[in-house]
Amino acid sequence: MHWQSDVAVADWIAARLSDDWTQDHSMHMVVPRDFEAYARIFHPATRRTLPGGVVPSADDIARMSDDDSRRVIAQFVDSRVSWEKTAEAFGTTMHALAQWHALTAAAEPYQDALGPDGAEYTGGEQGFLEPELLAAIVQTAVEHTSTPRSGFAAVWAGWGDLVGSLRPIDSASGGETPHASFLSRIRKSMMNNPYGKEVWQPGIVADDVSRGPRLELPGREYVLFSASPGVFAYPTWQESVLWQDPHHTSRTHSPALLWPADEAWIVVSEIDWDSTVVGGSAELIAALLADERLEAWELPAGALLTADADTING
């Protein structure tokens, strides 16, 4: 695996994406067109229970005494739950275009929801596919490419810890979010305040990678790596990638785009989605749909995955 400075290898993706997000809100904003079939892999949800009681809301916990809140929180039991089981709990219908807030009658997209069973349900994480699930996808996908040992992985450049950048000198201790850093720049006078001076703060990747060419697609920017797809067929792939978080290996970012050199398929974990879309041959998609490790549904080309796409649950 190495940094890929020649981003032209991804030109085929740009040519098959929607170039006007104001007119086309389909999944092809980020997923290339013209694959034979597509699958949507739902990121696992979380079910939180309180033995012998109903899970209190964050507001309820805030009104408790410190001792009571600690006692209640200590009793929480979290477990992974599928979207289908979540739909059963709420009496709604699971389907390929399901949206979390419609499935759970939550007021806002991605909001936690209290189920009729007294458990709290939290939707799948946006932009992060669990390593073992990515491995499950790739274990099947490498059987459907002529170049299983040659391919590319793109990581969204917007993660605050990934690439180095110029930041105010007083943020050098770390822990400051990009938004907080931006606000601090506004508050400080760069001419009069010596602590407002910007200095280079390194990211996870090497400085030459941070300063080098980026893969630019409509609305998104990525750091591109040349990588054997087979690397991701192992659940421990986070330990071998060049963007591994040295402090939190288990939270190393998922590749937003992953494809073999022959462009036979692509795996897209869009940062704003709580699911991953795979495009490829009909045979590949059928194999993914049959994999019991994945909660996968077939998507039609041009499918909408926007907040209002779930017309079944309303």
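Undergrad: I'm lost on the overall build of the protein in this one. Help?
TA: Along the protein, the regular secondary structure elements total 9 helices and 15 strands. Evaluated residue by residue, the protein yields a buried proportion of 46% over its 314 residues. By sequence separation, contacts in the protein at least 24 residues apart represent 72% of the contacts at least 6 residues apart. Counting only carbon and sulfur atoms, one obtains 51% of the accessible surface of the protein, whose full area is about 15200 Å².

Undergrad: Can you help me understand the confidence of the model for the protein in this one?
TA: Low-pLDDT portions of the prediction should not be read for the details of their coordinates. Per-chain confidence: the protein averages 87 in pLDDT, with 89% of residues scoring 70 or above. Below pLDDT 50 for its whole length, residues 172-176 participates in 4 contacts with residues either more than four positions away or in separate chains. Overall, residues 181-192 carries pLDDT values under 50, and its contacts beyond four positions in sequence, including any with other chains, amount to 15 contacts.

Undergrad: Is there a simple way to explain the environment of Ala89 in this structure?
TA: Relative to the helices and strands, Ala89 resides in helix 4 (residues 83-90). For Ala89 and Pro116, which are 27 residues apart along the polypeptide, the C-alpha to C-alpha distance reads 6.9 Å. When neighbours within four sequence positions are excluded, Ala89 is seen to be in contact with Pro116, Asp117 and Tyr121.

Undergrad: Got a minute to help me understand the layout of surface pockets in this structure?
TA: Rolling a probe over the atoms, with the probe sized like a water molecule, indicates the empty space that remains. In this model, the second largest pocket occupies a volume close to 250 Å³. What lines the second largest pocket is a set of 18 residues, and nearest its centre among them are Tyr110, Asp272, Trp273, Leu305 and Thr306. For the lining of the second largest pocket, a count of residues per class yields 10 nonpolar, 5 polar and 3 charged.

Undergrad: Explanation requested: the nonpolar core in the structure shown.
TA: Generally speaking, a soluble globular protein has its nonpolar side chains buried in company with each other. Formed by 35 residues in total, the largest nonpolar core has its most connected members in Leu134, Ile137, Phe232, Trp243, Leu258, Val278 and Leu294. Of all the elements in the fold, those that place two or more residues in this core are strand 2 (37-42), helix 6 (131-141), strand 7 (151-156), strand 11 (220-226) and helix 9 (282-289). Here this core takes 6 residues from helix 6, the largest share from any one element. Excluding its chain neighbours within four sequence positions, the residues that come into contact with Val278 are Ala37, Tyr38, Ala39, Ile41, Ile137, Ile266, Val267, Leu284, Ile285 and Leu288. Counting 27 residues, the second largest nonpolar core, distinct from the first, contains Ala10, Ala256, Val277 and Leu305.

Definitions and cut-offs
- Residues numbered from 1 in each chain as written.
- Predicted model: local features only at pLDDT ≥ 70, side-chain atom pairs only at ≥ 80, totals over all residues.
- Heavy atoms only, no water.
- Helix = DSSP H or I, 4+ residues; strand = E, 2+ residues; numbered from the N terminus.
- Buried < 20%, exposed > 50% of the residue type's maximum accessible area, 1.4 Å probe, protein only.
- Contact = heavy atoms within 4.5 Å.
- Areas by Shrake-Rupley, 256 points an atom, 1.4 Å probe, with all protein chains shown as cover.
- pLDDT = per-residue confidence, 0-100.
- 1 Å grid on protein atoms, 1.4 Å probe; cavity = no way out; pocket = protein on both sides within 12 Å on 5 of 7 lines; lining within 4 Å.
- Points joined across faces, edges and corners; volume = space filled by probe spheres on them.
- Nonpolar A, V, L, I, M, F, W, Y, C, P; charged D, E, K, R; others polar.
- Core = buried A, V, L, I, M, F, W, Y, C linked by side-chain atoms within 4.5 Å.

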